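Residues per chain are reported as follows:
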Amino acid sequence: MEPWLGPKAARLSPGRPVLLLWVSALSVSVSSLASPSPSPGPRIRTSYNLGRTFLGLDKCNACIGTSICKKFFKEEIRFDSWLASPLGLPPDYLPSYPANYSDDSKTWRPVEVSRLISKQQSDISDRRICASAAAPKTCSIERVLRKTGRFQKWLQAKRLTPDLVRGLPSPFLRCPSQRLLDRVVRRYAEVADAGSIFMGHFTDRDKLRLLYTLAVSAHPILLQIFPGAEGWPLPKYLGSCGRFAVSTSTSPLRDFYGAGPDQAADLAYQLLGVLESLRTNDLNYFFYFTHVDAGTFGILNNGQLFIRDASALGVIDRQEGSPAAAGAGESKDVFSCLLSGCQAELPSCYGIPEKQSLVLVCRQLLPRLLQRKFPSPVQEEIDSALDQCGEDARPDPEVLGAASRLKDILRPLRTCDPRFAYRYPDCKYNDKF
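Residues numbered from 1 in each chain as written. Predicted model: local features only at pLDDT ≥ 70, side-chain atom pairs only at ≥ 80, totals over all residues. Heavy atoms only, no water.

A. Looking closely at the sheet that holds strand S9 (residues 251-252). Ordered by their spatial adjacency, three strands build an open sheet running S9-S11-S12, and the pairing between neighbours is antiparallel. In this open sheet, the two edge strands, each paired with only one partner strand, are S9 and strand S12 (305-307). Sheet topology note: the S9/strand S11 (residues 297-299) ladder contains two bridges and is antiparallel. Within S11, the residue paired with Pro252 across the bridge is Gly298. In the packing of helix H11 (residues 261-279) onto the sheet, the strands contacted are S11 and S12, and the crossing angle to S12 comes to about 40°. (Pairing = 2+ DSSP bridges. Helix = DSSP H or I, 4+ residues; strand = E, 2+ residues; numbered from the N terminus. Contact = heavy atoms within 4.5 Å. Axes fitted to C-alpha atoms, helices over the stretch in contact; angles between N-to-C directions.)

Laid out in structure tokens, this is it:
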């Protein structure tokens, strides 16, 4: 047992790692984490136990990438007073964990350690993998997955092609074009950047990590290949380890349902703008949600809205089109069945309407954000536009038109002040903001 040192003490101790990640489950408020002050005191060295019980790496080191693993296992993550096990490990049932991250041990920024799948889904996934090999309840998951026919095809492949991902349950891969899959390989952050569409620089384990990630949740892949730095409405990807991913922290939209009129109008306006950018963008990809909830979208400290959870995001390549056989002859294997029943069916590549994401958002999220916030007759105009936007029976042009009218109503209801730092002070001088 050795004394635990907080971030400040760590800066003054020679030989200590300079990159630290401090995680706390005592508060759900991301904004309160800007200046962590963990209580000093003895702590048990928990690196091995952390990997085994929290990250699941003893079960499947191939789960996802390794870019954040060294930060975990080199004691570069500092847990505060967790309320779970005697070892002081974080409770393994929470969907996400607020954290503070520093790459120089001086400047800290809030990040989020998010679970790709729930604890229950992880257990189901493990059991299905072992059952596929007629193994007992526990087995070497990596060894089982390496022996599958799908992975053997991956080992022989020089390029990631649609037939290699056909049958995987992620909406992201329902309609995979070659252009989209080449983008995955070129921008996969867990291997050295070779600037190539070919997988010659991937090790066998790199291929297995990528395959497993795509089968479980495409969220970390989407963050890598459509980065916020290029204008995509996604938070910054920092790394992944085991069944967890680390990204820039956002507060879920549900936390803002009680916001004042100007903030509610600003967030609703941003949300409609995000959906518009997903429908029409320079790369000619059409993104759509298969479902949304109050945790799908999140807000940064500067007031900007992002997609917080991209696991339900599908992509259709309008430039190259979808492979002709994408919906036919799909082979079901253990990778198809990790999270849900093997018989689960996804919608056809060719049946996704333009209005789909708008209908979901206008029906399920915006009413809770905008209800009873504005004086009459503005509130009546908002409610009417929401009703039309959220009506699935209406044709696409009518839904898109209702969304456009709603944006026009909301635009003048926003204010220009420092609370909306993502567009202030630009909003003073440019009508665009």
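There is more to say after this.
B. Region of interest: helix H4 (residues 119-132). The first and last C-alpha atoms of H4 sit 20 Å apart over 14 residues, in line with the 20 Å expected at 1.5 Å per residue. Within H4 the residues assigned to the buried category are Ser122, Ser125, Asp126, Ile129 and Cys130. Down the axis of H4, the smallest arc covering the buried residues is 125°, so these residues share one side. Exposed side chains of H4 directed beyond 90 degrees from the buried face belong to Gln120 and Ala131. A positive phi of about 55° marks Ala134, the residue just after H4. (Expected span 1.5 Å × (residues − 1). Buried < 20%, exposed > 50% of the residue type's maximum accessible area, 1.4 Å probe, protein only. Arc of directions from axis to C-beta.)

C. The arrangement of the state of the cysteines in detail. Overall, the coordinates contain three disulfides when judged by the stated rule. Across a sulfur-sulfur distance of 2.1 Å, Cys130 and Cys139 are joined as a disulfide pair. Between Cys130 and Cys139 the sulfur-sulfur dihedral comes to about -95°; the bridge is accordingly left-handed. Judged by its relative accessible area of 2%, Cys130 is buried. (Disulfide = S-S within 2.5 Å.)

D. Region of the structure containing the packing of helix H6 (residues 149-156) against helix H9 (residues 204-216). Two elements in contact, H6 and H9, have axes separated by 10 Å at closest approach and are oriented at 130°. With respect to each other, H6 and H9 are oriented oblique. Crossing hand, H6 versus H9: right-handed. When H6 is examined against H9, the residues Arg150, Phe151, Trp154 and Leu155 are found in contact with a partner set consisting of Asp204, Lys207, Leu208, Leu210, Leu211 and Leu214. For the contact of H6 with H9, the per-class residue count stands at seven nonpolar, no polar and three charged. (Parallel < 35°, antiparallel > 145°, perpendicular 65-115°, else oblique. Left-handed = near helix turned anticlockwise from the far one by under 90°. Nonpolar A, V, L, I, M, F, W, Y, C, P; charged D, E, K, R; others polar.)

E. Summary view of the environment of Leu271. For Leu271, the location among the structural elements is in helix H11. Taking the C-alpha atoms as reference, Leu271 lies 9.7 Å from Lys407; in sequence the two are 136 residues apart. Setting aside chain neighbours within four positions, we find Leu271 in contact with Leu253, Phe297, Leu305, Val361 and Leu366.

F. Layout of the pairing of strand S8 (residues 244-248). Judged by how many residues are buried, S8 sits mostly within the fold: four of five residues are covered. As paired elements, strand S6 (residues 109-115) and S8 share five bridges and run antiparallel to each other. The partner of Val113 across the bridge, within S8, is Val246. For strand S7 (residues 237-241) and S8, the ladder comprises four bridges, and the chain directions are antiparallel. Looking at S8, one finds that Cys241 is bridged to Phe244.

In short, the description is geometric, and any link to function would need to be established separately.
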